[in-house]
Amino acid sequence: MFRGIQYGILVLLLLCVSCVKQQQSSTTNSQLSTFSADSAYAYIEAQVAFGPRVPGTLEHSLCGDWLVAQLQRHGAQVQQQTGTMINYAGQQQPIRNITALIEGSSLPAILLCAHWDCRPWSDEEEDYDQRFQPVLGANDGASGVGVILEIVRQLASLKAQGQAIPTVQVVFFDCEDMGTPTHYTGQERPDTWCLGSQLWAKEYKLSTLNSQHSTLNIQYGILLDMVGDPLATFPREYFSMQYAQGYVEKLWRTAARLGYGRYFVRNTTYYPITDDHYYINTIAGIPCLDVIDYKEDTNTGFSSWWHTQRDDMQNINLQTLQAVGQTVITTICSR
Ligand SMILES: [Zn+2]
């Protein structure tokens, strides 16, 4: 993803990186909903064990198959969306998005999403040669997917116990992190990040325009990106506030109530990030917020391991995973 700084009084660099009142019944649900950070950690570790999941590689292909199997194991209706998008170099880039529907007792659905691909280049490495190595993506990719897999597991368990759960549409986006590498000297193209979410958002929008086709009605979306660092902070991101402010306030308030205010900081709205949620908001028209770890006091705007060889399991922390996972599952279960 991508720290895009733009808009109005904020003059921003463009650096690549990539509801309110609870009803009685839903309050009961939120009290029952639990989240296991150990399990989320294991889901992250399993993805990382494949190696860098760079699109076009065997590691990517095998991890994609594994993600499908995990979702199916918990009773989700899995569909894979394939297609192509134009990449930073003007070439056709194959896309494999993995979607899963968890049928609950209420509609509209809530979208939970993350990207599952790894960046092909560690282009924030100081050592030039290392910049051409792929990123392992423990935080940048696997962490959001791991937290969502654990939420899917918990929802399946609640459903099996006869509890009411929300209908959840999961999407794991491909090719989020293939934006123009810093070493590229060819013609600059727009919108080279988030290719998978652009494809998904376009097809979602098309399906809403086709009256013969019944489209799943999605109320709002939550995107998780880089949610495992021990010192993670999740400021209220600019585009999230612009397009989904009510949902940002609901989720950040839930975090504060659960005692996770040190992660979900509320006093600031930081610069915009061009992440998958941007295209979900602007193309699909679904209000979508981004829970993303970023900072104002670093050179890149992100943690020091970002887009380097050090994005590994050393920077995945159980307390942070618990804070994010418990906050998200509590929020979606208290409609
Ligand atoms: Zn990235």
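Definitions and limits used
- Position numbers for residues count from 1 along each chain, tracking the sequence in the order it is written.
- Reporting of local features is limited, given that this is a predicted model, to residues whose pLDDT is at least 70; pairs of side-chain atoms are given and counted only at 80 or more, and all residues count toward the totals for whole chains, interfaces and linings.
- By the convention used here, strands pair only if DSSP detects at least 2 bridges between them.
- Every helix listed is a DSSP run of H or I at least four residues long, and every strand listed is a run of E at least two residues long, numbered separately from the N terminus.
- All axes are obtained by fitting lines to C-alpha atoms, using only the stretch in contact for helices, and the reported angles, taken between N-to-C directions, cover 0 to 180 degrees.
- This entry defines residue contacts through backbone-placed C-beta atoms, with two residues in contact when those atoms are within 7 Å.
- Each residue is classified by how many other C-beta atoms fall within 10 Å of its C-beta atom, where C-beta atoms are placed from the backbone; a count of 20 or more means buried, 12 or fewer means exposed, and values in between mean partly exposed.
- An expected span of 1.5 Å times one less than the residue number is assigned to each helix.

A. Geometry of the sheet that holds strand β3 (residues 77-86). One open sheet accounts for 6 strands, arranged β3-β4-β6-β5-β7-β10; its pairing is mixed. Bordering the open sheet on either side are β3 and β10 (288-292), each of which pairs with just one other strand. If you compare each strand with its neighbour and ignore which way they point, the axes differ by 20 degrees on average. Packed onto the sheet, helix α4 (residues 138-160) meets β4 (92-102), β5 (106-115), β6 (166-173) and β7 (218-225) and runs at close to 150 degrees relative to β5. Those strands touched by helix α6 (residues 238-257) are β7 and β10, and its axis lies near 70 degrees from that of β10.

B. Quick look at the pairing of β7. Where burial is concerned, most of β7 is hidden: 7 out of the 8 residues are buried. Note: β5 against β7, 5 bridges, orientation parallel. By the bridge assignment, Ala109 is partnered in β7 with Ile218. The pairing of β7 with β10 spans 5 bridges and is classified as parallel. Counted as the bridge partner of Gly221 is Cys288 from β10.

C. View of unusual backbone geometry. In this structure, Pro108 follows Leu107 across a cis peptide bond, with omega equal to 0 degrees. Note that Pro108 resides in strand β5. Even without being glycine, Met226 reaches a positive phi, approximately 60 degrees. Look at His307: it is not a glycine, yet its phi comes out positive at around 55 degrees. Locating His307 in the fold gives a position in the loop between β10 and α8 (318-333).

D. Spatial organisation of the pairing of β3. Examined bridge by bridge, β3 and β4 share 10 bridges and lie antiparallel to one another. Within β4, the position partnered with Gly83 by the bridge is Ile95. A loop of 5 residues connects β3 with β4, the two strands running antiparallel in sequence, and Gly90 in this loop sits at a positive phi of about 85 degrees.

E. The environment of Ala256, seen in detail. Mapped onto the elements, Ala256 comes out in helix α6. The residues touching Ala256, leaving out its near neighbours within four places in the chain, are Gly261, Phe264 and Arg266.

F. Quick peek at α8. Taking 1.5 Å per residue as the helical rise, α8 with its 16 residues ought to reach 22 Å, and the 22 Å between its terminal C-alpha atoms agrees with that figure. Of all 16 residues that make up α8, 14 are buried, and the element is covered over most of its length.

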